[in-house]
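As a plain string of letters, each chain reads:
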Amino acid sequence: METSIWRALFYLVGIMAFAGLNAAYLGWCERKGAARIQRRIGPCEAGYAGLLQPLADGLKLMSKQLLVPDGVDGIIFRVAPVLAMIPAITSMVVIPFSDNIGARAMELSVLLLFALASIGMIAILLGGWASGNKYAIISAARSVSQNLAYEIPMLITVITVVMISGSMNLRDIAIDQQGGFWHWNIFRLENGHFLTMWISFIIFFICSVAETNRAPFDMAEAESELVAGFMTEYGSMGFGLFMMGEYLNIVVGACLTATLFLGGWDCPFGMTPGVWWFLIKIYILIFTFIWIRWTYPRTQIYRLLNLSWKILIPFSLANLLITAALIKVF
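Report on the accompanying structure. Note that the coordinates shown come from a computational prediction; the quantities given were computed from them, not determined experimentally.

**Some remarks on the overall build of the protein**
Link 1 in the chain: If you tally the helices and strands in the protein, you get eleven helices and zero strands.
Link 2 in the chain: Rg of the C-alpha trace for the protein: 20 Å, near the compact-globule value of 20 Å for 330 residues, within the 12% margin.
Link 3 in the chain: On the principal axes, the C-alpha backbone points of the protein span a range of 65 × 50 × 50 Å.
Link 4 in the chain: The 330 residues of the protein split such that 48% are buried.
Link 5 in the chain: A separation of at least 24 residues holds for 76% of the contacts in the protein among residues at least 6 apart in sequence.
Link 6 in the chain: Within the protein, one finds 21 positive and 20 negative side-chain charges whose respective centroids are separated by 6 Å.

This is how it looks when you write it as structure tokens:
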């Protein structure tokens, strides 16, 4: 019993530290990456190369007063930013970082992650509705419609991976891909799955970008027409918690992509698997998220929804049927 308590505390501290460091320094990475892409300098005053900028930003946000405008639902207005953080941190519990590093191995961990994603959507909806601001309400409605549209093809795509692996346990899915990159789901050669799995990867990655409200899919925060979206009325740590939740969702999306399609902690050459390979994969994916944001312009809301309902959902359904046929034949 005592060992279980210490193990739970150890993983709790580890998850909170990992989540906090990523939430803080992914903002710095994004600002430096954007500066490089756009031929600017980026943060450079606070510490060497601006490395203390996240600390300075955090202190500034914590020192500012959380103002609650008149006419808003005060309780929900305060709860919504916290609710945006909880799903992202909780999702870390079932992420397998290596064969022996993971807080909890659950048989239905894939299902749990999608259930937690829906809670994050509720946080955005509540934050916009409680603000009593027409820009925030419109933005919250946009965000819900966007997340709903892209969760459908994402879930259908995950079903193809579950069918091939025969498990909804993320650890089992990662173990099924061990032995080199030719066993990874994105490159899977046996039984003709390569014909469908690279399509599944592309659909899943596009949906991951859209689910995290990243450009060119950040219609929930379109400065040109909706000010700051559902965060219009938020300042200080209310705004800070929403932003931390966004960056943590990026980490969760990268972890899920690496686990489902890129072999998890497996070495590309089938040697020395370990947590370092998992971290390398997720940070390459996160860099790709940043690269996409500062390269492509924002799209329009109707084009955003058409991409999901008219293209991604039909393709994911066809991909699912072909995958099922290949499993039946082979």
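**Comments concerning a nonpolar patch on the surface**
Link 1 in the chain: Taken together, the side chains of Phe181, Trp182, Phe187, Leu189, Phe194, Trp198, Ile202, Phe269 and Met271 define a hydrophobic patch exposed on the protein surface, amounting to about 910 Å² of accessible area.
Link 2 in the chain: Its place among the elements puts Phe187 in the loop between α6 (170–175) and α7 (194–211).

**Observations regarding the environment of Phe181**
Link 1 in the chain: When you line up the elements, Phe181 lands in the loop between α6 and α7.
Link 2 in the chain: Its relative accessible area of 35% is what places Phe181 among the partly exposed residues.
Link 3 in the chain: Residues Phe181 and Phe261 lie 80 residues apart in sequence; the distance between their C-alpha atoms is 9.9 Å.
Link 4 in the chain: In this structure, Phe181 is in contact with Phe187, Cys267 and Pro268, ignoring residues within four places of it in sequence.

**Looking at the packing of aromatic side chains**
Link 1 in the chain: Evaluation of the coordinates by the stated rule reveals twelve aromatic pairs.
Link 2 in the chain: Both rings, one in Phe205 and one in Phe289, keep their centres 5.3 Å apart while their planes meet at 75°; by these two values the pair is edge-to-face. Of this pair, Phe205 sits in helix α7 while Phe289 sits in helix α10 (residues 275–293), and the two are 84 residues apart along the sequence. You'll find Phe205 and Phe289 in the same group, each marked buried.

**A look at the nonpolar core**
Link 1 in the chain: In this structure, Tyr150, Leu260, Phe261 and Phe278 are the most contacted members of the largest nonpolar core, which totals 71 residues.
Link 2 in the chain: At 13 residues, the largest contribution of residues to this core is made by helix α9 (residues 236–261).
Link 3 in the chain: Beyond its immediate stretch of four places on either side in the chain, Leu260 contacts Val158, Val161, Leu170, Ile173, Gln177, Asn185 and Phe204.

**A look at the packing of helix α3 (residues 74–91) against helix α4 (residues 109–130)**
Link 1 in the chain: Direction vectors running N to C along α3 and α4 enclose 160°, while the axes themselves pass 8 Å from each other. Between α3 and α4, the interaxial angle falls into the category roughly antiparallel. Crossing of α3 against α4: the hand is left-handed. In this structure, α3 contributes Ile76, Phe77, Ala80, Leu83, Ala84, Pro87, Thr90 and Ser91 to the contact, and α4 contributes Leu113, Leu116, Ile119, Gly120, Ile122, Ala123, Leu126, Gly127, Trp129 and Ala130.
Link 2 in the chain: Of the residues in the contact of α3 with α4, the class split is 14 nonpolar, four polar and no charged.

The rules behind these values
- Residues numbered from 1 in each chain as written.
- Predicted model: local features only at pLDDT ≥ 70, side-chain atom pairs only at ≥ 80, totals over all residues.
- Heavy atoms only, no water.
- Helix = DSSP H or I, 4+ residues; strand = E, 2+ residues; numbered from the N terminus.
- Rg over C-alpha atoms; globule rule 2.2 N^0.38 Å.
- Buried < 20%, exposed > 50% of the residue type's maximum accessible area, 1.4 Å probe, protein only.
- Contact = heavy atoms within 4.5 Å.
- Lys, Arg positive; Asp, Glu negative; His and termini not counted.
- Charge placed at Lys NZ, Arg CZ, Asp CG, Glu CD.
- Patch = residues over 30% accessible without salt bridge, like charges linked within 9 Å, V, L, I, M, F, W, Y side chains within 5 Å.
- Areas by Shrake-Rupley, 256 points an atom, 1.4 Å probe, with all protein chains shown as cover.
- Salt bridge = Lys/Arg side-chain N within 4 Å of Asp/Glu carboxyl O.
- Phe/Tyr/Trp six-rings, centres within 6.5 Å; stacked < 30°, edge-to-face > 60°.
- Core = buried A, V, L, I, M, F, W, Y, C linked by side-chain atoms within 4.5 Å.
- Axes fitted to C-alpha atoms, helices over the stretch in contact; angles between N-to-C directions.
- Parallel < 35°, antiparallel > 145°, perpendicular 65-115°, else oblique.
- Left-handed = near helix turned anticlockwise from the far one by under 90°.
- Nonpolar A, V, L, I, M, F, W, Y, C, P; charged D, E, K, R; others polar.

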